[in-house]
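# Architecture at a glance
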Amino acid sequence: QVQLVESGGGLVQAGGSLRLSCAASGSIFSISTMGWYRQAPGKQRELVAAITRGADTNYADSVKGRFTISRDKAKNTVYLQMNSLKPEDTAVYYCNVVPSLWGRDYWGQGTQVTVSS
């Protein structure tokens, strides 16, 4: 079965940077598009970045130019480099397949990102 473990979150000041990592068991991202999702208090979970098997990337408008998704197939790991962080980026960040319906049993604990003013 697939397991996804997120790490790298923390507390940073506005304008700072973080790099999140998603370690996957098995070879799921050799098969599927992978994405980073986030959920802020009182809001719906949203997809913020995705990377296809062919390494094409897509980003939500709210993070374009600031976030970069990448992968390391040898390490079965997906990354999210987050620069120029804003308080509105505060959320729990999760990785999963895209669309998430296909990965409803794969959700991990996520990693908390908190951006202070």
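See the structure printed just above.
Parameters and conventions
- Residues numbered from 1 in each chain as written.
- Predicted model: local features only at pLDDT ≥ 70, side-chain atom pairs only at ≥ 80, totals over all residues.
- Heavy atoms only, no water.
- Disulfide = S-S within 2.5 Å.
- Helix = DSSP H or I, 4+ residues; strand = E, 2+ residues; numbered from the N terminus.
- Buried < 20%, exposed > 50% of the residue type's maximum accessible area, 1.4 Å probe, protein only.
- Lys, Arg positive; Asp, Glu negative; His and termini not counted.
- Salt bridge = Lys/Arg side-chain N within 4 Å of Asp/Glu carboxyl O.
- Contact = heavy atoms within 4.5 Å.
- Phe/Tyr/Trp six-rings, centres within 6.5 Å; stacked < 30°, edge-to-face > 60°.
- Lys NZ or Arg CZ within 6 Å of the ring centre and 35° of its normal.
- Polar contact = N/O pair within 3.5 Å; in protein donor to acceptor, adjacent residues only side chain to side chain.
- Core = buried A, V, L, I, M, F, W, Y, C linked by side-chain atoms within 4.5 Å.
- Pairing = 2+ DSSP bridges.
- Axes fitted to C-alpha atoms, helices over the stretch in contact; angles between N-to-C directions.

## Things to note about the state of the cysteines
Inspection of the entire model under this criterion finds 1 disulfide. The side chain of Cys22 participates in a disulfide bridge whose partner is Cys95; the two sulfur atoms lie 1.8 Å from each other. Torsion about the S-S bond of the Cys22 and Cys95 cystine: about 65°, corresponding to right-handed handedness. Of the two residues, Cys22 is situated in strand S3 (residues 18–24) and Cys95 in strand S9 (residues 91–98); the sequence distance between them amounts to 73 residues. Note on Cys22: relative accessible area 1%, which makes it buried.

## Notes on the side chain of Glu6
As for its placement among the helices and strands, Glu6 is situated in strand S1 (residues 4–7). Nearest to the buried, unbridged Glu6 among oppositely charged side chains is Arg45, at 8.5 Å. Leaving out residues up to four positions away in the same chain, Glu6 has contacts with Ser21, Cys22, Trp36, Tyr93, Tyr94, Cys95, Gly108, Gln109, Gly110 and Thr111.

## What to know about the packing of aromatic side chains
Per the stated rule, a full pass over the model turns up 2 aromatic pairs. Ring geometry for Tyr94 versus Trp107: centroids 5.7 Å apart, planes at 85°, classification edge-to-face. Residue Tyr94 is located in strand S9, and its partner Trp107 is located in the loop between S9 and strand S10 (111–116); the two are separated by 13 residues in the primary sequence. Exposure remark for Trp107: the relative accessible area of 24% places this residue in the partly exposed category. Put simply, the rings of Tyr37, Tyr94 and Trp107 touch in pairs and so form one group of aromatic residues. Positioned above the aromatic ring of Tyr94, the side-chain terminus of Arg45 is 5.1 Å from the ring centre. Geometry around Trp107 places Arg45 over its ring, the cationic atom sitting 4.0 Å from the centre.

## Overview of the side chain of Thr77
Residue position: Thr77 is located in strand S8 (residues 77–82). Overall, Thr77 belongs to the buried group, its relative accessible area being 10%. Separated by 2.9 Å, the side chain of Thr77 and the backbone oxygen of Lys75 make a polar contact. Non-local contacts of Thr77, meaning those with residues more than four positions away in its chain, are made with Ser21, Cys22, Ala23, Phe29, Ser70, Arg71 and Asp72.

## Observations regarding the nonpolar core
In terms of nonpolar packing, the biggest core is built from 29 residues, with Leu4, Met34, Trp36, Leu80, Met82 and Tyr93 touching the most fellow members. If you list the elements that add at least two residues to this core, you get S3, strand S4 (33–39), strand S5 (46–51), strand S7 (67–72), S8, S9 and S10.

## A word on the sheet that holds S4
The strand order S2-S10-S9-S4-S5-S6 describes an open sheet built from 6 strands, whose pairing is mixed. Of all the strands in the sheet, the pair left with one neighbour each is strand S2 (10–13) and strand S6 (57–59). Mean inter-strand twist for the sheet, computed between neighbouring axes without regard to direction, equals 25°. Bridge count between S4 and S5: 5 bridges; the pairing is antiparallel.

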